[in-house]
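# Examining the three-dimensional arrangement
These are the residues of each chain, in order.
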Amino acid sequence: MFKYLEPPEVEEAKVSNVKIGEIEDMEKDSGKIIKFGNKPVIVVRKADGEYVAFAGVCTHLDCIVQYRNDLEQIYCACHNGRYDLNGRNVSGPPPAPLEKYGIAIKNNEVIVFVEKT
Amino acid sequence: MYKWIDERYNISGLLEFAKKKSVPAYRETIWYYFGGIALLLFIIQVLSGILLLMYYQGTEDSAYESVKYISTKVSFGWLIRSVHSWSANLMILAAFIHMFSVFFLKSFRKPRELTWYTGFGLLLVAMGFGFSGYLLPWNELAFFATKVGTDIAGQLPVIGEPLLKLLRGGEDVTGATLSRFYGFHVAVFPGIFTVLLALHLIFIQRQGMAEPEDWKDLPESERKYIPFFPNFTLRELLFWLIVINILAILAVFFPWELGSKADPFAPAPVGIKPEWYFMFMFQTLKYIPGKVLFLHGEFVGIAIFGIAGLLWFLVPFWDKRTPAGKRNKLITYVGIFVVTFIIVLTIIGYMVD
Ligand code: HEM
Ligand code: FES
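Quick look at the structure, then. (Residues numbered from 1 in each chain as written. Chains lettered and ligands numbered in written order. Predicted model: local features only at pLDDT ≥ 70, side-chain atom pairs only at ≥ 80, totals over all residues. Heavy atoms only, no water.)

## Description of the interface of chain B and chain A
- The partner chain A presents 24 residues to the 26 residues of chain B that form the contact.
- Taking both partners together, chain B and chain A bury about 2,000 Å²; carbon and sulfur atoms supply 64% of that area.
- Area buried by chain B at its contact with chain A is led by B:Val148, B:Phe265 and B:Pro267, which between them contribute 27% of it.
- Here chain B and chain A share two salt bridges between them.
- A salt bridge links B:Arg168 to A:Asp62; the shortest N-O distance between them is 3.0 Å.
- On inspection of chain B and its partner chain A, the count reaches five residue pairs in polar contact (both at pLDDT 80 or more).
- Among the secondary structure elements, those contributing two or more residues to the side of chain B that touches chain A are helix H7 (140-154), helix H8 (160-168) and helix H11 (276-287) of chain B.
- Looking at the side of chain B that touches chain A element by element, the count peaks at five residues for H7(B).
- Classifying every residue of the side of chain B that touches chain A gives 13 nonpolar, five polar and eight charged. (Contact = heavy atoms within 4.5 Å. Buried area = accessible area lost by both parts, 1.4 Å probe. Salt bridge = Lys/Arg side-chain N within 4 Å of Asp/Glu carboxyl O. Polar contact = N/O pair within 3.5 Å; in protein donor to acceptor, adjacent residues only side chain to side chain. Helix = DSSP H or I, 4+ residues; strand = E, 2+ residues; numbered from the N terminus. Nonpolar A, V, L, I, M, F, W, Y, C, P; charged D, E, K, R; others polar.)

Structure below.
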């Protein structure tokens, strides 16, 4: 019975990079969540125009984070967790930093990819 | 006609029994009504829940839409849904009040230990009902509340991971979670609840109502009782009417909101909060640092609540003074502490974000 209740593993679609559009598509000093396979990833375009991307799932209890331009930080509304724009957990309950994703820009197009560690 | 039925089913015997039953009459009698109120609200839950089932669809793509359909298209659908939601909250409130009142009146003492244990089980299942039902409309708030709630369970050592998967039906909160919660909500919990409730009520019927502690020194003549039938029953019915009115006012004038549909790729909305009866635990967890010694903060929190809950559950076991006929002040202090703790943390939870 326990075996029955244990859900079978789902094949995770292997996604290694996602195109998110052209450089000017996102406003400076804003952020958005994109679908990276079946995972949410947060992409932030900083005030100086540079792009960064991190895993969108809070390391605390699984909520999805957002970019707050009033703080210039990544913020988690569930328990007020905050991360800086390097993904480091700077305040609130999150116990670990957000995993970083790579950003590449090719022919004016922004691509998010998994960084090899 | 009465005779016809009575001959076959012995109604008089039943009435005789009901007439003999009595409820102690004193300052605290009012608290004896809350269990009955919780019972009424449970009946309302079952009825309104079954009505909701006629239209509700428990899948990721259609749950939100079907609830929306219920509250906008179906005649009186909004009302049924609002009644189910409000009555759920009132039921849990009534159950909490009921539990604390029997705690302070020490009605859990011998010979009523099992009544206390089943009652505690009922409260837990009621909270399970609330937690699982909350997800069913598949809206944003519910989605994140479920993520957080199940993730906390996942922090437990060893069993955490399998438990998380068991609850979610996978790694993440998805349509699979919704199916499971739906099953819990409309099949598993009603089954468990009904069995516990039956036991709880049978125990009470067999033993009668607990009498106040200091009555044992009173002479028979000074103990006052209200006959259960018809006097207490009528009063209880009056309370039921009041509760039904409160429920109707809440349900009609403050229809339950639906919010926006859950989107697994949208940030958690600002100001997200759990339901009020989880708030005190939720708020406490916020004060526990991420790491305590080498342990996960959440785990420490769960451990504290788990142990506290267990001690509370086992109170008839460790309270040796009350059954021996002595006053146990400690119990009263513990009770006051717990009530204050819950109220204060709940208020803080709503005031700060
Ligand atoms: C056998 C009894 C029950 C049945 C068949 C039932 C059925 C349902 C159904 C179909 C829904 C989804 C529709 C909706 O979300 O509006 C629902 C929601 C819900 N149920 Fe129940 N239910 C039962 C008992 C309970 C009990 C005892 C409680 C609480 C103690 C409860 C609490 C809730 C809550 C909080 C919701 C979410 C309401 C909302 O936001 O719309 N239910 N229930
Ligand atoms: S889930 Fe993000 S701070 Fe708790």
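That shown, we press on.
## Overview of the pattern of salt bridges
- For the structure shown, the criterion picks out 11 salt bridges over all chains.
- Where A:Glu6 meets A:Lys3, a salt bridge forms, and the shortest distance between an N and an O atom there is 3.4 Å.
- Exposure remark for A:Glu6: the relative accessible area of 41% places this residue in the partly exposed category.
- In this structure, B:Arg168 and B:Asp151 form a salt bridge, with 3.5 Å as the shortest nitrogen-oxygen distance. Taken together, the residues B:Arg168 in helix H8 and B:Asp151 in helix H7 connect sequence positions 17 residues apart. Residues B:Arg168 and B:Asp151 agree in their burial class; the two are buried.
- Bridged by salt links that share partners, the residues A:Asp62, B:Lys147, B:Asp151 and B:Arg168 form one connected network. (Buried < 20%, exposed > 50% of the residue type's maximum accessible area, 1.4 Å probe, protein only.)

## Here we look at the layout of surface pockets
All names here are of chain B.
- Space inside the second largest pocket adds up to approximately 1,200 Å³.
- Lining the second largest pocket are 48 residues, with His84, Ser85, Gly133, Tyr134 and Trp256 sitting closest to its centre.
- The biggest single contributor to the lining of the second largest pocket is helix H5 (residues 77-104), with eight residues.
- Residue composition of the lining of the second largest pocket, by class: 30 nonpolar, 13 polar and five charged. (1 Å grid on protein atoms, 1.4 Å probe; cavity = no way out; pocket = protein on both sides within 12 Å on 5 of 7 lines; lining within 4 Å. Points joined across faces, edges and corners; volume = space filled by probe spheres on them.)

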